[in-house]
Amino acid sequence: MPTVAVYNTAGEQVSEIQLNDKLFGAPIRSDLMHQVVLQYLAARRAGTHKVKNRSEVAGGGRKPWRQKGTGRARQGSTRSPQWKGGGVVFGPTPRSYAFSVPKKVRRLALYSALSSKVADGKVIVLDGLNIEQPKTKDMVAILNNLNLKKALILDGEKKQPAYLSTRNIEGVKYMDANGVNVYELLRHEHLVLTKDAVAKVEEVFA
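To start, this report covers the structure provided alongside it.

Definitions and limits used
Residues numbered from 1 in each chain as written. Predicted model: local features only at pLDDT ≥ 70, side-chain atom pairs only at ≥ 80, totals over all residues. Heavy atoms only, no water. Helix = DSSP H or I, 4+ residues; strand = E, 2+ residues; numbered from the N terminus. Expected span 1.5 Å × (residues − 1). Buried < 20%, exposed > 50% of the residue type's maximum accessible area, 1.4 Å probe, protein only. Contact = heavy atoms within 4.5 Å. Pairing = 2+ DSSP bridges. Axes fitted to C-alpha atoms, helices over the stretch in contact; angles between N-to-C directions. Core = buried A, V, L, I, M, F, W, Y, C linked by side-chain atoms within 4.5 Å. 1 Å grid on protein atoms, 1.4 Å probe; cavity = no way out; pocket = protein on both sides within 12 Å on 5 of 7 lines; lining within 4 Å. Points joined across faces, edges and corners; volume = space filled by probe spheres on them. Nonpolar A, V, L, I, M, F, W, Y, C, P; charged D, E, K, R; others polar. Phe/Tyr/Trp six-rings, centres within 6.5 Å; stacked < 30°, edge-to-face > 60°. Lys NZ or Arg CZ within 6 Å of the ring centre and 35° of its normal.

**Examining helix α3 (residues 103-119)**
So, step 1. Across its 17 residues, α3 extends 24 Å between first and last C-alpha, which sits within 8% of the 24 Å expected from 1.5 Å per residue.
So, step 2. Listed as buried for α3 are V105, A109, L110, Y111, S112, A113, L114, S115, S116, K117 and V118.
So, step 3. Buried positions along α3 lie against α1 (21-24), α2 (30-44), β3 (123-126), α6 (182-187), β6 (190-194) and α7 (195-205).
So, step 4. At the C-terminal side of α3, G121 shows a positive phi close to 70°.

**Examining the sheet that holds strand β2 (residues 13-18)**
Hydrogen bonds between backbone groups are what pair the strands of a sheet, and the pairing can be parallel or antiparallel.
So, step 1. In space, the 6 strands of this open sheet follow the order β2-β1-β3-β6-β4-β5, with mixed pairing throughout. A strand with exactly one partner marks an edge of an open sheet, and here the two such strands are β2 and β5 (172-176). Neighbouring strand axes in the sheet, compared pairwise and without regard to direction, differ in orientation by 30° on average.
So, step 2. Examined bridge by bridge, strand β4 (residues 151-155) and β6 share 4 bridges and lie parallel to one another. Along β6, the bridge assignment pairs I153 with V192.

**Here we look at the nonpolar core**
So, step 1. In this structure, L114, L154, V182, L185, L191, L193 and V201 are the most contacted members of the largest nonpolar core, which totals 35 residues.
So, step 2. Top element by residues in this core is α3. It accounts for 7 residues.
So, step 3. Counting 16 residues, the second-largest nonpolar core is a separate cluster that includes L126, I142, A151 and I153.

**Concerning the layout of surface pockets**
So, step 1. Empty space within the largest pocket amounts to approximately 240 Å³.
So, step 2. Residue lining of the largest pocket: 13 residues in total, with V36, R106, V180, N181 and V182 positioned closest to the centre.
So, step 3. Contributing elements (two or more residues each) for the lining of the largest pocket: α2, α3 and α6.
So, step 4. The element contributing the most residues to the lining of the largest pocket is α3, with 4 residues.
So, step 5. Its residues assigned to classes, the lining of the largest pocket comprises 7 nonpolar, 3 polar and 3 charged.

**Focus on the side chain of S77**
So, step 1. Along the chain, S77 falls in the loop between α2 and α3.
So, step 2. Residue S77 is classed as buried on the basis of its relative accessible area of 9%.
So, step 3. Among all residues touching S77, those that are not within four sequence positions of it are R54, G60, P64 and W83.

**Details of the packing of aromatic side chains**
So, step 1. Taken as a whole and judged by the stated rule, the model has 2 aromatic pairs.
So, step 2. Between the aromatic rings of Y40 and Y183, the centroid separation amounts to 4.8 Å while the plane-to-plane angle is 20°, which identifies the pairing as stacked. Here Y40, found in helix α2, pairs with Y183, found in helix α6; they are 143 residues apart in sequence, far enough to count as distant.
So, step 3. Plain terms: the ring middles of W65 and W83 are 5.9 Å apart, the flat faces sit at 45° to each other, and that makes the pair tilted. Pair noted here: W65 is in the loop between α2 and α3 and W83 is in the loop between α2 and α3, with a separation of 18 residues, a long-range link.
So, step 4. Residue classification places W65 among the buried positions, given a relative accessible area of 18%.
So, step 5. For W83, a relative accessible area of 27% gives the class partly exposed.
So, step 6. Here R45 stacks its cationic end above the ring of Y97, 3.6 Å away from the centre of that ring.

Printed below as a string of structure tokens:
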């Protein structure tokens, strides 16, 4: 079982904790993590791109000139694709980019992401994160005590003062342990978990 140090908010080591080997000591599968990150980003795409084809462009109801005798090429509408202001051929239309990934793959990718943080020595466990009032400078002080700049902070449950104290700090994100995902784990350099978050992650995902 991986063992990591437990710190307080002053940056002092107070104890050690053993992490679940299934979650934090799993084989690191970069292929699965890549697949899940692609799925996450694809699902975030709006897919609202839209152009008008010749049936949707306004105007062009009348044939611009007679079929024969003018010496010009025959035309049926001024809204055909070859005309200025005409419709677009095979242009983008609204669609969803989301695709599914098996639940087992998603779970193994999460194990890999958590384990990679432990393997790289990028996991810090806090004995608690008690912020009474939403003050950014308080959270900055805690991060400075821990020598952190870019970090994902997981708590057992989302506390509003801690969330409000974190949201203006660039490169730092605070979230509920229930919402942890591969994309956010890989996007941030360090992973900070409270002891409550460790228990929640092991309860939900182990």
